[in-house]
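Remarks on the overall topology
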Amino acid sequence: MTTTPHVVVVGGSLGALRAAEQLRAGGHAGPITVLGAEAHLPYNRPPLSKDVLAAGEPLAPAALADRLAFRRRASTADVDFRLGDPVVASDLRAGVVWTGSGSATSYDGLVVATGLRPRHLDVSGPALGRHVLRTVEDSHGLRADLERGPGLRVVVVGAGFIGCESAATLRKLGHEVTVVEPVGSPMERVIGAAVSAAVQGHLEAAGIRFVLGTGITGYLGEERVEGVVLGTGRVLPADVVVEAVGSLCNTEWLAGNGLDLSDGVLTDNRMRVVGAERVVAVGDVARFPNPLFDDVPRRVEHWSVPTDTARCAAATLLGDLAGMPPDDEFAPVPSFWSDQLDLRLQSFGSPALADEVVVEEGDLEHLLDGLLVTYHRQGRHVGTLAVNLSAARQRGLREQFSRPVPVA
Amino acid sequence: MKVTVDMTMCQDHGQCAIAAPEVFRINDEGHLEYDAEPGDDMLEYVEEAADVCPVQAILIADS
Ligand SMILES: Cc1cc2nc3c(=O)[nH]c(=O)nc-3n(C[C@H](O)[C@H](O)[C@H](O)COP(=O)(O)OP(=O)(O)OC[C@H]3O[C@@H](n4cnc5c(N)ncnc54)[C@H](O)[C@@H]3O)c2cc1C
Ligand code: SF4
């Protein structure tokens, strides 16, 4: 190995940036090249379903990406960001990746940070008026469509976090919002049925309508969306449709290397891609086991995860390159927040794993007064959700998870 | 080191207070208070606090 190995990071968002920063923080002085598909430096996505939809002048994508750009540590000033050219293929045995424009880049160490892209509904129909939300371009397109008038009829398909947040923001803007969700109730898979029903009630009181238990089977309209057809046959008139129906992992470029790409890219507990050498993965795309809970590898689509996994992955990669593989256990506390109207949800741990939900403080009828819920699996505390509790409480709530609990 | 939090952006997420409790804290009203000139030995923690701020409101400068 040369004294200054070249590390290539594929992806151009939070995970990629944090990986570059953590490589520098870990003492890597050699070249770092970031190969990103988007034309922008890494920017922050959560505001796209919140303030960005609601406030200020609508900005063109480049200006918006600029406004949402992550602060980059000074140590990354010499990182070579090559943007707007996706990686399309790789040979991990030879240590080479190829971009769409045909250029080949060799590496000594590789970081996979290609994240997710939104799934689109598999229903044909007009192109105009249909939106997904992951990039500044998506956000710009949706905002431009919303300029067509006040009080538009908006259908949000999917009642996950991004769907519910978008619905809340659009309602705040005065639009007529209906959320359609075929499976379960809002965010139920993560926060459980009881809390889900309470949040749904709160959003309904603000005028958001929910249609649960049926999906979209067709679109009305020639060039522009005029409505959606539900599985029940009912038609909902719509000026704008937001499809928030989950994501697909950007792993196609890793095909042909014998990896497990069945759901993101499988890694070990130290974020090493299983089946490859000198390759680690970070962020939404990485499927890793977390000993805080058990030994089942899972992908975690929370904003906190790219930062946590990048710290571990960078240390692993540098250790492996130096022939001193680290082996201390990686057990990050997953956490996410979500803002919906006047509610702030803050979660620690993995509520989604629970088989039992306990309301510890407050009551489900009065979310604004503050609610604390704990989640348990086979009697073990696995998650906590706070709704409208003071941020002063968070440290304590998070600390309950900072120690790995022995696996039963 | 000089720390500035853009209070027009800050949404009292309190993530900074988890990462660097010596520099950032959430008061009893649930709002952020911070030490604008922490010692340079705090740099690593302040960097981490700036990283984890969901609205990227924290700025760090050499003093
Ligand atoms: C609208 C929205 C709101 C959100 N709100 C919240 C929230 O309130 N709370 C929360 O905890 N989380 C939230 N999240 C989730 C959070 O933003 C993600 O967890 C985070 O963005 C993951 O970062 P990442 O770098 O792993 O992946 P991504 O952000 O998906 O970045 C991957 C990058 O890699 C690039 N790429 C993909 N394929 C290739 C390729 N072949 N070659 C090169 N580059 C490639 C992509 O273009 C992209 O830039 C939200 C997400 C969205 C979209
Ligand atoms: S993490 Fe950011 S938003 Fe939250 S209190 Fe600190 S500065 Fe404010």
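Residues numbered from 1 in each chain as written. Chains lettered and ligands numbered in written order. Predicted model: local features only at pLDDT ≥ 70, side-chain atom pairs only at ≥ 80, totals over all residues. Heavy atoms only, no water.

Moving on: the interface of chain B and chain A. Listed by partner, the interface residues are 22 residues for chain B and 21 residues for chain A. Around 1800 Å² of area is buried between chain B and chain A when both sides are counted, 45% of it from carbon and sulfur atoms. A per-residue breakdown of the area chain B buries against chain A is headed by His13, Ile18 and Asp51 of chain B, which together make up 33% of the total. Put simply, chain B and chain A have six salt bridges between them. Residue Asp51 of chain B is joined to Arg71 of chain A by a salt bridge in which the shortest nitrogen-to-oxygen separation is 3.7 Å. Joining chain B to chain A, the criterion identifies twelve residue pairs in polar contact (both at pLDDT 80 or more). For the side of chain B that touches chain A, the leading source of residues is helix 2 (residues 43-52) of chain B, giving five residues. Of the residues assigned to the side of chain B that touches chain A, the class counts are eleven nonpolar, seven polar and four charged. (Contact = heavy atoms within 4.5 Å. Buried area = accessible area lost by both parts, 1.4 Å probe. Salt bridge = Lys/Arg side-chain N within 4 Å of Asp/Glu carboxyl O. Polar contact = N/O pair within 3.5 Å; in protein donor to acceptor, adjacent residues only side chain to side chain. Helix = DSSP H or I, 4+ residues; strand = E, 2+ residues; numbered from the N terminus. Nonpolar A, V, L, I, M, F, W, Y, C, P; charged D, E, K, R; others polar.)

This next bit is on the packing of helix 1 (residues 14-25) of chain A against helix 8 (residues 304-321) of chain A. For any two helices packed against each other, one specifies the crossing angle of their axes together with the interaxial distance. Residue and element names in this part refer to chain A. Taken N-terminus to C-terminus, the directions of helix 1 and helix 8 make an angle of 45 degrees; their axes are 8 Å apart at the nearest point. Considering the angle they form, helix 1 stands oblique to helix 8. In the packing of helix 1 onto helix 8, the handedness of the crossing is right-handed. Along the contact surface, helix 1 presents Leu14, Gly15, Arg18, Ala19, Gln22 and Leu23, while helix 8 presents Pro306, Thr307, Ala310, Arg311, Ala314, Leu317 and Leu318. Here the residues of the contact of helix 1 with helix 8 sort into eight nonpolar, three polar and two charged. (Axes fitted to C-alpha atoms, helices over the stretch in contact; angles between N-to-C directions. Parallel < 35°, antiparallel > 145°, perpendicular 65-115°, else oblique. Left-handed = near helix turned anticlockwise from the far one by under 90°.)

Attention shifts here to the site of ligand 1. Residues and elements named next belong to chain A. Residues in close proximity to ligand 1 total 34 residues, the closest being Gly15, Glu38, Arg45, Lys50 and Val87. Contact between ligand 1 and Leu116: an oxygen atom at 3.2 Å from a main-chain N or O atom of the residue. Look at ligand 1: alone it shows 1000 Å² of surface, and the protein chains cover 93% of it. Every element with two or more residues in the shell around ligand 1 is listed here: helix 1, helix 5 (161-172) and strand 22 (335-340). A per-class count over the shell around ligand 1 returns 16 nonpolar, eleven polar and seven charged. Lining the shell around ligand 1 are residues from two domains, each supplying at least three of them: domain 1 (7-117 + 248-321) and domain 2 (120-245). (Near = heavy atom within 4 Å. Areas by Shrake-Rupley, 256 points an atom, 1.4 Å probe, with all protein chains shown as cover. Domains from an automatic or database assignment.)

For the rest of this paragraph, the subject is the sheet that holds strand 10 (residues 153-157) of chain A. Residues and elements named next belong to chain A. Within the open sheet, the five strands sit side by side as 9-16-10-11-12. Their pairing is parallel. In this open sheet, the two strands that pair with only one neighbour each are strand 9 (130-131) and strand 12 (209-212). Inspection of the sheet shows strand 10 paired to strand 16 (residues 240-243) by four bridges, in the parallel sense. Residue pairing across strands places Val156 opposite Val242, the latter belonging to strand 16. Helix 4 (residues 136-146) rests against strand 9 and strand 16 of the sheet, and its axis sits at about 155 degrees to strand 16. Relative to strand 11 (residues 176-181), helix 5 is tilted by about 165 degrees, and along the sheet it contacts strand 10, strand 11 and strand 16. (Pairing = 2+ DSSP bridges.)

Moving on: the confidence of the model for chain B. Residue and element names in this part refer to chain B. Counting all residues, the mean pLDDT for chain B is 91, and 98% of those residues have values of 70 or more. Here helix 1 (residues 15-19) stands out as the element of chain B with the lowest mean pLDDT, 91, in contrast to strand 1 (residues 2-5), whose mean of 95 is the highest. Scored as a complex, the prediction yields pTM 0.95 and ipTM 0.90. (pLDDT = per-residue confidence, 0-100.)

Moving on, we get to the site of ligand 2. Inspection of the region around ligand 2 gives 13 residues, with Cys10, His13, Gly14, Cys16 and Cys53 of chain B positioned closest. Broken down by class, the residue content of the shell around ligand 2 amounts to eight nonpolar, four polar and one charged.

Considering soluble globular proteins, one finds that nonpolar side chains tend to be buried as a cluster. Residues and elements named next belong to chain A. With 51 residues, the main nonpolar core has Val97, Leu110, Val111, Val112, Trp253 and Val265 as its most contacted residues. Sorting the residues of this core by element identifies strand 1 (7-10), helix 1, strand 2 (32-35), strand 7 (109-112), strand 19 (279-281), strand 20 (286-289) and helix 8 as the ones contributing at least two each. Element by element, the count of residues in this core is highest for helix 8, at eight residues. Apart from residues lying up to four places away in sequence, Val112 is in contact with Val10, Trp253, Leu254, Val265, Val273, Val279, Val280, Ala281, Val282 and Val285. (Core = buried A, V, L, I, M, F, W, Y, C linked by side-chain atoms within 4.5 Å. Buried < 20%, exposed > 50% of the residue type's maximum accessible area, 1.4 Å probe, protein only.)

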